[in-house]
Amino acid sequence: MEAIVYERFGGPEVLALGEVEKPRPGAGQVRVKVVVAGVNPIDYKIRNGWMQAQLPTLFPAVPGLELAGVVDELGEGVTGFAVGDEVFGHADTGAYAEYALATHIALKPAALTWEQAVALPVAGETSQRVLDLLELAAGETLLLHGAAGVAGSVGVQLAVARGATVIGTASPENHAFLRELGAIPVAYGPGLVERVRELAPQGIDAVYDAAGQGALPDSIELRGGTGRIVTIADPAAADHGVVFSGGGTQAPELVFAAHARLAAEGRLRVRHAETFPLADAVKALELSEGGHSKGKLVIKV
């Protein structure tokens, strides 16, 4: 089958369209004929070898942790799914391929496009996990760094749905988008602490850092300590005494299904930036690594 493959760590230049053996599902797995794969920052972090401690890579490797497609084969013991079901979720094997194995998946509602469905698993599970770690409650104020990004924008919507007030950092051109989601936008950069204090004189109850661009010192100052600050993007978290959350939700497929229902009802949305054919996956990854995409990048297989 066709897939994007790399055989050593490095930049986008190590990626190539190639042929690999079609995987067979083991116990508890399904094989999915991939329709679309989601592009996420973790894809290039794994490819660069920065995640070896958490997610060891064996070569040749196929990137991609997020997929949507059609169930093609069931492994032993799989229940609740049938061949032909349209599903989305996390990929056990690389999603930038014609076929991939998956364990944690949910049925795709008919009301959702493939692009809408594939945008939900990583951003949704991540933001749900962080807000649960922060124990964010109705009436509290959340500062969310990187609020206009894919994970950040989902975090805004989930926090607003909990009844929280959300102050979201973003560049000025994204402020109108954040207002649409129910957040109070604020420009990042020098003077952030003062701007946030003007918006929230009562103080900040919790901080969700989805940006990872040096936002932790300001966050600690605004919180008056390191409590109730969680980052998903700053590798210096431990140096600041702040919690870094990189995964670990039990039964993420339940989160996928819940968020899919919200999305199908129009109560949760993710901006779609661009879709690339599999042969142009390198372009999508370059855009993701550059950090300039205004929404979800998707690869059509």
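From a predicted model like this one, the values you see are computed outputs, not experimental measurements.

Caption draft 1: Representation of the packing of helix α3 (residues 121-134) against helix α9 (residues 252-264) in the model. Where α3 meets α9, the axes come as close as 9 Å, and the angle between the chain directions of the two elements is 105°. Our classification of the angle between α3 and α9 gives roughly perpendicular. Residues Pro121, Gly124, Glu125 and Gln128 of α3 touch α9, and the partners they reach there are Pro252, Val255, Phe256 and His259. Across the contact of α3 with α9, the residue classes break down as 4 nonpolar, 3 polar and 1 charged.

Caption draft 2: Seen up close, the packing of aromatic side chains. This structure, assessed with the given rule, holds 4 aromatic pairs. Where Tyr6 meets Phe59, the ring centres are 5.9 Å apart and the plane angle is 75°; that geometry is what we call edge-to-face. With Tyr6 in the loop between β1 (2-5) and β2 (16-19) and Phe59 in the loop between α1 (41-47) and β4 (66-74), this pair connects stretches of sequence that are 53 residues apart. Exposure remark for Tyr6: the relative accessible area of 3% places this residue in the buried category. A connected cluster of aromatic rings, assembled from ring pairs, spans Tyr6, Phe9 and Phe59. One Lys or Arg, Lys22, reaches over the ring of Tyr99 and ends 4.3 Å from the middle of that ring. A cation over a ring is seen here: Arg31 above Tyr99, with NZ or CZ 5.3 Å from the ring centre.

Caption draft 3: Just the environment of Leu55, in detail. On the secondary structure map, Leu55 appears in the loop between α1 and β4. For Leu55, a relative accessible area of 35% corresponds to the partly exposed category.

Caption draft 4: Main features of the side chain of Lys108. Summarising the element assignment, Lys108 is placed in the loop between β7 (105-107) and α2 (114-118). Only 2.7 Å separates the side chain of Lys108 from the backbone oxygen of Leu112, close enough to count as a polar contact. Beyond its immediate sequence surroundings of up to four residues, Lys108 is in contact with Glu86, Val87, Phe88, Thr113, Trp114 and Ala117.

Caption draft 5: Summary view of the sheet that holds strand β11 (residues 206-209). A sheet is described by the order of its strands in space; here 6 strands give the open sequence β10-β9-β8-β11-β12-β13, paired in parallel fashion. The strands lining the two open edges of the sheet, one partner per strand, are β10 (184-186) and β13 (243-244). Together, β8 (141-145), β11 and β12 (229-231) form the strand contacts of α3, whose direction differs from that of β11 by roughly 155°. Helix-sheet contacts for helix α4 (residues 150-161) involve β8, β9 (165-169) and β11, and the interaxial angle to β8 is about 170°.

Caption draft 6: Spatial organisation of the nonpolar core. Ranked by size, the top nonpolar core spans 44 residues in total, and within it Phe88, Leu120, Leu142, Leu144, Leu178 and Tyr208 carry the most contacts. Counting only elements with at least two residues in this core, the list comes to β3 (30-38), α2, α3, β8, α4, α5 (175-181), β11 and α9. Not counting the four nearest positions on each side in its chain, Leu142 is found in contact with Leu131, Leu134, Leu136, Ala159, Thr165, Val166, Ile167, Ala206, Val207 and Tyr208. In terms of nonpolar packing, the next biggest core, distinct from the first, is built from 29 residues, Val39, Met51, Val78 and Tyr96 among them.

About the cut-offs
Residues numbered from 1 in each chain as written. Predicted model: local features only at pLDDT ≥ 70, side-chain atom pairs only at ≥ 80, totals over all residues. Heavy atoms only, no water. Axes fitted to C-alpha atoms, helices over the stretch in contact; angles between N-to-C directions. Helix = DSSP H or I, 4+ residues; strand = E, 2+ residues; numbered from the N terminus. Parallel < 35°, antiparallel > 145°, perpendicular 65-115°, else oblique. Contact = heavy atoms within 4.5 Å. Nonpolar A, V, L, I, M, F, W, Y, C, P; charged D, E, K, R; others polar. Phe/Tyr/Trp six-rings, centres within 6.5 Å; stacked < 30°, edge-to-face > 60°. Buried < 20%, exposed > 50% of the residue type's maximum accessible area, 1.4 Å probe, protein only. Lys NZ or Arg CZ within 6 Å of the ring centre and 35° of its normal. Polar contact = N/O pair within 3.5 Å; in protein donor to acceptor, adjacent residues only side chain to side chain. Pairing = 2+ DSSP bridges. Core = buried A, V, L, I, M, F, W, Y, C linked by side-chain atoms within 4.5 Å.

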